[in-house]
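Remarks on the overall topology
These are the residues of each chain, in order.
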Amino acid sequence: MVQIPDNVAFTDLQSEIPKFVHKWLKAEGNETSETTSFWNELLTLLNAHAHIAGVSFLDQARVPFAPHHVKRLDSYLPLTQVLIEQKSKGIALDKPQLQSDGAVLTPLQQALRYRSKFDQPVRFIVLCNFQKLWLYNLSLNPTHPELITPKIVRVDDSLVDEFYGLRFLIDPALGKLPDPFVTQTTALSMYAVDQISKVCTLMAPLYQEQKDAQVQLNKFCMRLVFCWYANKSGLFTDAKTGINHFQAFLEGIPPKCGHWALYHLFQVLDTPSDERFKSENPDLLALPYVDGGLFYEASKDLIPFLSDEVWKLILAELYFDWDKIDPAIFGSLYESTLSNDLRRSAGMHYTSVENIHKLIDPLFLDELKAEFAACKAIKAAKKRKAQLLAFQDKLSKLTFLDPACGSGNFLTETYLSLRRLENQVIRELNANQGFFDLNDLNPVKVKIDQFYGLELNGFAVAVAKTALWIAQCQMMDATSAIFDHQIERLPLTQNDWIKEGNALTTPWTEVVPAEKLSYIIGNPPFSGARQMDAATKQDLKTALGPKWSPKNGDLDLVCGWFKKAHDLMAQAPHVKSALVATNSICQGTAVANLWAPLQQGGTEIIFAHRSFLWKSEAAQQAAVYCVIVGMVNLACPNKCAKRIFTEQGELSAAHINAYLLDAPDVFIGERSQPLCPVPKGSMGNQPIDDGNYLFTPQEKAEFLKREPQAAPYFQRWFGSEELLQGKERYCLYLGTCPDAKIAAMPEAQKRVDAVRHFRSQSKRPSTARDAAEPAKFCHTNIPKTPFLVIPEVSSGRRDYIPIALMQPQDGLCSNLLNIFPDATLVHFSILSSAVHMTWVRMFAGRLKMDYRYSIKLVYNCFPWPQNLSSKQEQALSAAAQAILDARAANPNATLAQLYDPETMPAALKQAHEVNDRLVMQAYGFALSLSPVQVLSALVTLYQKLSTANKSDKKH
């Protein structure tokens, strides 16, 4: 876990960092002459405040690119394995530049090329132009680092806040964290969770004898967390005397009385001041009444005898900066102390603050910030005041529901965001005398009772409530600082609006009335159709309703939340929704199964984040790609401009369809025939032979020693592993061998008899019938002309699926391969292109992150380029042959090795790039189109061709 530096470690940065910023904002920023001084100054400044032993500064290593071609890295930090690619001031960090060898590369591509030739490990890449630092944590996506979204740090006034997050440059321990670029607040939150987890671990055995032991332990820990926070934030300190009565009380208690002291303390905090015994301990009498339900009926909750170790830990935490933790992060991390098994079974994934803002910003926060800016811009003071007050009233009337709230991090961060915005309003109003009545001691209107939640796990509900209470106290402090008056933070507000319950079976209007609700937000649990137990599947069916298609078995659990949000918006069209989901809901068959009914029922998509790698604050991050989808009902009175967010940036959209493309609505389902006049595909041979007809080279040799007459009936056998990994296997194919010849080969006859017996025992009727002809395959597919082969399953790390062009004499293909007879080099070219791969990534199924290539859904629906000229066909054929030639130039390499993105030969990569450009031109696509734009154009073409096909059938 993170080691927190001394509290004084970063206190003088307020003066030091601005000096650094001021110098480098004025500097020329020349890559050649100033790189070393810039980085040495930054690293020295970091080390002066972090005191990391053994810091090693810049190493300008030499990298061999060729036998007589050596380049020098800009900078490398060996201790932390950081590769730095430095550019001069003004050079864009996302734009390609011409290199000395003629290549055109972005700074990231340039750094990755250095890494591939470098003999030292690289954990991070930092791009810098003296104005910004782009930080890449390569562990987020080691196979496709170009897809990683960098953290951007600016060399300006904001560097003071971001400076702590640069400690990964000098501290190797931070490289082991899920997010090495942690802010000081995040680091403190992580440390806080580590400490409370220790308490939980030590206390758990002590609670075992109590009834509802886990519930009791949860209550104890959450009460302790709040007390630690209240103690450090001054809630338990007498404003007049400065005495911290909470600390004074506990420090005077011997360890053997610790359990009694806490038991009694919790009861006092649950009792209004005027109802306490007057003869009570003076320190306890001086403590404020907390309320809010946190200590409700504490007298009924027994606390076991505490060990010296536990008591020492409890007292030590009185001095930790609990007031500086981020309640949203803390809640998420604290919930992650649940067992991994419980997290998996519930499908829970923990959301980082960054990801929360990917949802709440486009849903409502961007619009609110723009409205506030418009209010501030009003020049007439009286009108500006009226508009600001009206805007504040609007903030106080917004209500939010998270129907899978977990630890409440969506609700907490949304509350914090609204309160920060309200504080800006208060600051604007307070800047002009007379805007606030001095007798009005609390100008705050945004309350935590605007935030509703529903959660299945009772412990998570308790965490959510506590996180909101801490957030409320923190924001009250921030408001008090604006006009130099302390707002009372206690007693806490009751927050019974976060409920425990099953969101799929509980009507959401029981939590908050539809007419009162403004927004539905959240990160529902992810669980695939094949992972759900019977009870969960029934919950999903309940949420989908009786009129839903019976294909709901193909839907992820999260689809139930989308359906319930759809239903509520239909009932109350003013409500807007945005939910996180796995990207599978916008791919493959799920699109037609989920989105067609929703859109027919009046739901439309207003914004979307296309697939991005999930990033969590939890120590064990969710290895999953997600989407965020914002929705409204067609009758919504206040729709906003449509936006699509991608790894490359934000796009404006005229219409967002269910594939999250700026394209017309289209639902691509399975087709039995290709959309275009191209070769038909089918699966390869399926022996269903219990392995009797398949041989390794050694097994084949041994068999032929005993049965030499069988030699003509052996053929090479290709499944996915044999095709891609080069594994050698053979098949004894007797399907065309007369029965008399088989009978004359005793060893072959034994195999045939074994297959007959195996099939006859099958419970599958078709297999049992095939026992009558045991020498034949259950499914036979042996082309007599050249054919293409596409593996059914292929690694998702590859830029291209390795497609083979085979001859009949090459061997037999298994059912794990899709084969396409009569295919030409033109077909090979187009199927081997980046255009086709764009289609595959959207519509292919997934086996984990690997592609599952479906003939009916991917190939048959693929829109091929239309009306190719003979010149274009010749060019495509030549490009396809160049790919095959580049493969043949590496005869000892397997297809898996050739198409590994880390080891792909340069000539093969170049051949594919040439082919990609030609295929783009064949479609009439501009070479500048992004993959998203290509996909959008393909979907539009699909719609056009499928409409034309329907029209032709009518005639």
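Let me sum up the structure you'll find in this document.

Cut-offs and rules
Residues numbered from 1 in each chain as written. Predicted model: local features only at pLDDT ≥ 70, side-chain atom pairs only at ≥ 80, totals over all residues. Heavy atoms only, no water. 1 Å grid on protein atoms, 1.4 Å probe; cavity = no way out; pocket = protein on both sides within 12 Å on 5 of 7 lines; lining within 4 Å. Points joined across faces, edges and corners; volume = space filled by probe spheres on them. Helix = DSSP H or I, 4+ residues; strand = E, 2+ residues; numbered from the N terminus. Nonpolar A, V, L, I, M, F, W, Y, C, P; charged D, E, K, R; others polar. Pairing = 2+ DSSP bridges. Axes fitted to C-alpha atoms, helices over the stretch in contact; angles between N-to-C directions. Parallel < 35°, antiparallel > 145°, perpendicular 65-115°, else oblique. Left-handed = near helix turned anticlockwise from the far one by under 90°. Contact = heavy atoms within 4.5 Å. Salt bridge = Lys/Arg side-chain N within 4 Å of Asp/Glu carboxyl O. Core = buried A, V, L, I, M, F, W, Y, C linked by side-chain atoms within 4.5 Å. Buried < 20%, exposed > 50% of the residue type's maximum accessible area, 1.4 Å probe, protein only. Phe/Tyr/Trp six-rings, centres within 6.5 Å; stacked < 30°, edge-to-face > 60°. Lys NZ or Arg CZ within 6 Å of the ring centre and 35° of its normal.

Brief notes about empty space enclosed by the protein
Evaluation of the coordinates by the stated rule reveals two cavities of 30 Å³ or more. Estimates place the volume of the largest cavity at around 60 Å³. In terms of lining, the largest cavity is formed by Tyr 207, Gln 216, Lys 219, Phe 220, Arg 223, Phe 266, Ala 298, Asp 301, Leu 302 and Ile 303. With four residues, the top contributor of residues to the lining of the largest cavity is helix H6 (residues 213–233). Classifying every residue of the lining of the largest cavity gives six nonpolar, one polar and three charged. What the second largest cavity holds in volume is close to 30 Å³. Along the walls of the second largest cavity sit Asn 685, Asn 781, Ile 782, Pro 783, Phe 787, Gly 811, Leu 812 and Cys 813, which together make up its complete lining. Taken together, the residues that form the lining of the second largest cavity break down as five nonpolar, three polar and no charged.

A look at the sheet that holds strand E22 (residues 730–732)
Read across the sheet, four strands follow the order E20-E22-E21-E26 without closing on themselves; strand pairing throughout is mixed. Unpaired on one side and paired on the other, strand E20 (694–695) and strand E26 (812–813) mark the two borders of the sheet.

Some details on the packing of helix H5 (residues 184–207) against helix H10 (residues 308–316)
Relative to each other, H5 and H10 sit at 160 degrees, their axes nearing to 10 Å. In terms of their interaxial angle, H5 and H10 are classed as roughly antiparallel. As for the relative orientation of H5 and H10, their crossing is left-handed in sense. Here H5 contributes Gln 195, Lys 198, Val 199, Leu 202 and Met 203 to the contact with H10, which in turn contributes Glu 309, Val 310 and Leu 313. Looking at the contact of H5 with H10 residue by residue, the classes come out as five nonpolar, one polar and two charged.

Here's the deal with the pattern of salt bridges
One pass over the full model with this rule turns up 26 salt bridges. Note that Glu 702 and Lys 705 form a salt bridge whose closest N and O atoms lie 3.6 Å from each other. Taken as a pair, Glu 702 and Lys 705 lie in helix H20 (residues 697–706) at a separation of three residues, close to a single helical turn. Across the salt bridge formed by Glu 773 and Lys 776, the nearest N and O atoms sit 3.2 Å from each other. Residues joined by salt bridges that share partners form a network here, namely Lys 219, Arg 223 and Asp 301.

Considerations on the nonpolar core
In terms of nonpolar packing, the biggest core is built from 213 residues, with Phe 220, Leu 262, Phe 562, Ile 585, Trp 595 and Trp 839 touching the most fellow members. If one sorts the elements of this core by residue count, H6 sits on top with eleven residues. In this structure, Leu 262 is in contact with Phe 220, Leu 250, Ile 303, Leu 306, Trp 311 and Ile 314, ignoring residues within four places of it in sequence. Of all hydrophobic cores here, the second largest spans 31 residues; its members include Trp 24, Leu 46, Phe 124 and Leu 159.

Some details on the packing of aromatic side chains
Working definition: an aromatic ring pair is given by the centre-to-centre distance plus the angle between the planes. This model, assessed by the stated rule, comprises 33 aromatic pairs. Look at Phe 226 and Tyr 229: their rings are 6.4 Å apart centre to centre, the planes differ by 50 degrees, and that puts the pair in the tilted class. Taken together, the residues Phe 226 and Tyr 229, both in helix H6 and three residues apart, mark about one turn of the helix. Classification of Tyr 229 as buried rests on a relative accessible area of 1%. Ring geometry for Phe 400 against Tyr 519: centres 5.5 Å apart, planes inclined by 15 degrees, an arrangement best described as stacked. Note that Phe 400 is positioned in strand E10 (residues 400–402) and Tyr 519 in strand E13 (residues 519–522), a separation of 119 residues in sequence. Overall, Tyr 519 belongs to the buried group, its relative accessible area being 10%. Linked through ring pairs, Tyr 659, Phe 820, Trp 839, Phe 843, Tyr 859, Phe 862, Trp 864 and Tyr 942 together constitute an aromatic cluster. In this arrangement the basic side chain of Arg 716 is found over the ring face of Tyr 730, its NZ or CZ atom lying 5.8 Å from the centre.

A look at the sheet that holds strand E9 (residues 151–154)
If you walk across this open sheet you meet the five strands as E3-E4-E7-E8-E9, and the pairing is mixed. Strands at the two margins of the open sheet, each flanked by one partner only, are strand E3 (75–77) and E9. Each neighbouring strand pair of the sheet contributes to a mean axis angle of 20 degrees, computed without reference to strand direction. Two elements, strand E4 (residues 82–86) and strand E7 (residues 124–128), share five bridges in a ladder whose sense is parallel.

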